[in-house]
Amino acid sequence: MKAAAFLICVLILMPAQEAISGGNSEHSEWSGAYSPYQLFSAQVIRDSDSWSQLWAELRRPPPQVIHAGRHMALAVFLGLRRTGGYDLVIEPAGQTETVQLFRVRELAPAPDAFVAQVLTTPYRIIVLPASTRAVLFLAGFDGAASGECLYIPAGEQGRAEKATHLPDNPPCSKIPVQPNEGS
């Protein structure tokens, strides 16, 4: 009993980044089911002020420090979903001299899965070593890699305009707000 109580105390006192990401400040990751973002969006965070603002919007203290020129963070918000069980993955998809491309895939619950009947707004945030390249996302919904669209975060528009060799994917003009019922 004492060992279990000690373990619980250690887990409660452990910093969030260590509990979630192993404590590696060069590549940390956080996710959750609730954010203030009702629509799909993605952000590239390159400075400590934007990092603090992001976590203030999530109503949590920043779990680590972002050093401009050393770190950058990618924050992707899936948007409103009608049930629990949704998640997303952010993975590298290639780079050129001027562009760093990441793939964002929605992971939907199985059609026969038992899920909470509650509105969710899933998100994922990762910290990576800084880059001066434009960061772009290939977004695919409901786990499908086919039918991906190109999403350029607002803060990356200027970098993307100067970039060469952008992917040929169509721009994300119609991003699903909610999954189709019964499909």
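Above this text sits the structure in question.
Residues numbered from 1 in each chain as written. Predicted model: local features only at pLDDT ≥ 70, side-chain atom pairs only at ≥ 80, totals over all residues. Heavy atoms only, no water.

A. Representation of the sheet that holds strand β3 (residues 71-77) within the structure. Judged by pairing direction, the sheet is antiparallel, and its four strands sit side by side in the order β1-β6-β3-β2 without closing on themselves. With partners counted over all chains shown, the strands left at the sheet margins are β1 (28-32) and β2 (41-45), one partner each. Along the sheet, successive strands turn relative to each other by an average axial angle of 10°, direction set aside. Pairing between β1 and strand β6 (residues 123-129): five bridges, direction antiparallel. Among the inter-strand pairings, G32 is bridged to a residue of β6, identified as Y123. Across the sheet, helix α3 (residues 48-57) touches β1, β2, β3 and β6, and the angle it forms with β2 is around 145°. (Pairing = 2+ DSSP bridges. Helix = DSSP H or I, 4+ residues; strand = E, 2+ residues; numbered from the N terminus. Axes fitted to C-alpha atoms, helices over the stretch in contact; angles between N-to-C directions. Contact = heavy atoms within 4.5 Å.)

B. Summary view of the environment of T83. When you line up the elements, T83 lands in the loop between β3 and β4 (87-95). Among the residues examined, T83 registers a relative accessible area of 15% and is labelled buried. The sequence separation of T83 and T121 amounts to 38 residues, and the corresponding C-alpha distance is 9.4 Å. When neighbours within four sequence positions are excluded, T83 is seen to be in contact with P109, V115, A116, Q117, V118 and T120. (Buried < 20%, exposed > 50% of the residue type's maximum accessible area, 1.4 Å probe, protein only.)

C. Geometry of the pattern of salt bridges. Under the defined criterion, the tally for this structure stands at seven salt bridges. The residue E106 makes a salt bridge to R81 at a minimum N-O spacing of 2.8 Å. Of the two residues, E106 sits in strand β5 (residues 99-107) while R81 sits in the loop between β3 and β4, which places them 25 residues apart along the sequence. R81 shares its class with E106; the two are buried. (Salt bridge = Lys/Arg side-chain N within 4 Å of Asp/Glu carboxyl O.)

D. Up close: the sheet that holds β5. Reading across the sheet, the four strands line up as β4-β5-β7-β8 and stay open at both edges, with mixed pairing between neighbours. Bordering the open sheet on either side are β4 and β8 (149-151), each of which pairs with just one other strand. If you compare each strand with its neighbour and ignore which way they point, the axes differ by 30° on average. Where β5 and strand β7 (residues 134-140) come together, seven bridges link them in parallel fashion. From the neighbouring strand, R103 faces β7, where its bridge partner is L138.

E. Summary view of the packing of aromatic side chains. Counting across every chain of the model gives seven aromatic pairs. Seen in terms of ring centroids, W30 and W51 are 5.9 Å apart; in terms of plane orientation they differ by 55°. Their pairing is tilted. In this pair, W30 is assigned in strand β1 and W51 in helix α3, connecting sequence segments 21 residues apart. Each member of the pair, W30 as well as W51, carries the same accessibility label: buried. An aromatic cluster of at least three residues, connected via ring pairs, comprises W30, W51 and W55. Stacked on the ring of Y86, the Lys or Arg R81 has its end atom at 5.8 Å from the ring centre. (Phe/Tyr/Trp six-rings, centres within 6.5 Å; stacked < 30°, edge-to-face > 60°. Lys NZ or Arg CZ within 6 Å of the ring centre and 35° of its normal.)

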